[in-house]
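# Geometric and topological summary
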Amino acid sequence: MTITTAVSHPNIAFIKYWGNRNDELRLPASSSLSMNLAGLQTRTAVEFDSSLRNDTLLINRDTASQDQQRRVSDFLDLVRQLASIKTKARITTESNFPSGAGIASSSSAFAALALAASTAAGLSLDEQSLSRLARRGSGSAARSVPSGFVVWQTSDKDGDSFGVSIAPPEHWALVDCIAIVSEREKAIGSTEGHKLAATSTLQAARLAGAPHRLELCTKTILDRDFSTLADLIELDCHLMHAVMMTSHPPLHYWMPASLAIMEAVRGWRRDGLSVCYTLDAGPNVHVLCPAGEADHLCARLEGIPGVIRVLRAGPGGPARIID
Ligand code: PMV
């Protein structure tokens, strides 16, 4: 049996995905845009083995929980269906960053798994088909398949919703300084969170403006216009968290240290620094800046009480097979 290994980077959304039109197919309520994060990565090895009675899954050298096993086996069923096989698989996966804490670990996890499993099953999927497959594991994984800065289009049709790169990593040397304030897994994961989005009366207003924000964000990236990007991605982040906080039940992901960082970043921007923030479904704060400001910014972030450590990532490449 051959072992196939793939690596993939997580991504940080500048224009967020929150809520689905179709939960089973993970067709998003609106289109989103993100940057892959170089340096942070998930590495996943898959081996189909006819002697196995069940799929087995090791995450960071530990046996996975039943929920994790079920989610991965359900995903592998899609791959088996595509490849017309029934064989079970042995999966080992490792990430070099905290999972379930708002660093979109499921994005790199399912992008790497989609590539390693489909290749190990003998399939040779093109980028669009691979992105569509990864999407079925976790929506944001659709954006970790292509390279650099990526738009994931919404659609009512499974065949039309996949990630497309709008610029390669070298297009713009942005740095994401991720201020870690908690390494704990969040209590409510995004799969459940997406189902709650429609219970907030603010979701309709958020969705109404989403196409315009996506268009503007695409332009700011192509123009490398940091100051427009800064206001836009903070607005988009606040809109998503307003929906989370007003859903039933409400979801509150921010911690006191998250707010302290957000406040500090807005102050530094008023003082003339090119810096802005965004948060996914967790308390850790992604602080973005041009590469030239990253050393200085990371040092400032490390000085804020409650910051455990700061990870740093520039724009990353696509999901890929390694030896
Ligand atoms: O792909 P999921 O189901 O983990 O959802 C990701 C949702 C956010 O990270 C909060 C936003 C986004 O667009 O990545």
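Residues numbered from 1 in each chain as written. Predicted model: local features only at pLDDT ≥ 70, side-chain atom pairs only at ≥ 80, totals over all residues. Heavy atoms only, no water.

## Comments concerning the overall build of the chain
From N to C terminus, the chain includes eight helices and 16 strands. By the compact-globule yardstick of 20 Å for 323 residues, the chain fits well, its C-alpha radius of gyration being 19 Å. When its C-alpha atoms are laid out on the principal axes, the chain stretches across 65 × 40 × 35 Å. Here the chain, with 323 residues, has 55% of them falling under the buried criterion. Across the chain, the fraction of contacts at a sequence separation of at least 24, relative to all contacts at a separation of at least 6, is 76%. Per element, the accessible surface of the chain, about 13600 Å² overall, is 52% carbon and sulfur. (Helix = DSSP H or I, 4+ residues; strand = E, 2+ residues; numbered from the N terminus. Rg over C-alpha atoms; globule rule 2.2 N^0.38 Å. Buried < 20%, exposed > 50% of the residue type's maximum accessible area, 1.4 Å probe, protein only. Contact = heavy atoms within 4.5 Å. Areas by Shrake-Rupley, 256 points an atom, 1.4 Å probe, with all protein chains shown as cover.)

## Observations concerning the packing of helix α6 (residues 226-245) against helix α7 (residues 256-270)
One way to put it is that α6 packs onto α7 with a least axis distance of 13 Å and a crossing angle of 160°. The pairing of α6 with α7 is recorded here as roughly antiparallel in orientation. Crossing of α6 against α7: the hand is left-handed. Counting all contacts with α6, which are made through Ala230, Asp231, Glu234 and His238, the residues of α7 involved are Met262, Val265, Arg266 and Arg269. Residue composition of the contact of α6 with α7, grouped by class: three nonpolar, one polar and four charged. (Axes fitted to C-alpha atoms, helices over the stretch in contact; angles between N-to-C directions. Parallel < 35°, antiparallel > 145°, perpendicular 65-115°, else oblique. Left-handed = near helix turned anticlockwise from the far one by under 90°. Nonpolar A, V, L, I, M, F, W, Y, C, P; charged D, E, K, R; others polar.)

## So, the sheet that holds strand β12 (residues 174-180)
The four strands are arranged β13-β14-β12-β15 in an open sheet whose pairing can be described as antiparallel. Edge positions in the sheet fall to β13 (276-278) and β15 (309-313), since each has one partner strand and no second. Looking at each pair of strands side by side, their axes are set apart by 30° on average, direction ignored. Bridging between β12 and β15 involves five bridges; their strand directions are antiparallel. By the bridge assignment for β15, isoleucine 178 is matched with leucine 311. Lying on the sheet, helix α8 (residues 294-302) is in contact with β12, β14 (285-290) and β15; it crosses β15 at an angle near 155°. (Pairing = 2+ DSSP bridges.)

## Topic: the pattern of salt bridges
Pairing between side chains becomes possible if they bear opposite charge and their charged atoms approach one another. By the definition in use, this model includes 18 salt bridges. Between arginine 61 and glutamate 94 there is a salt bridge, with the nearest N and O atoms lying 3.2 Å from each other. With arginine 61 in the loop between β7 (56-59) and β8 (62-63) and glutamate 94 in strand β9 (residues 89-95), this residue pair connects regions lying 33 residues apart in the sequence. Linking glutamate 263 and arginine 266 is a salt bridge whose minimum nitrogen-to-oxygen distance equals 3.0 Å. Pair noted here: glutamate 263 and arginine 266 are both in helix α7, with a separation of three residues, about one helical turn. The exposure class assigned to arginine 266 is partly exposed, which follows from its relative accessible area of 29%. (Salt bridge = Lys/Arg side-chain N within 4 Å of Asp/Glu carboxyl O.)

## As for the nonpolar core
In terms of nonpolar packing, the biggest core is built from 28 residues, with Val46, Phe75, Leu76, Val79, Ile91 and Leu113 touching the most fellow members. Mapped onto this core, the elements with two or more residues apiece are β6 (42-48), α1 (66-83), β9, α2 (105-120) and α3 (127-137). Broken down by element, this core gets its largest block of residues, seven residues, from α2. Excluding residues that lie within four positions of it along the chain, leucine 76 makes contacts with Asp55, Ala89, Ile91, Leu113 and Ala117. Grouped together as the second largest cluster of nonpolar side chains are 27 residues, Leu174, Ile221, Leu288 and Leu311 included. (Core = buried A, V, L, I, M, F, W, Y, C linked by side-chain atoms within 4.5 Å.)

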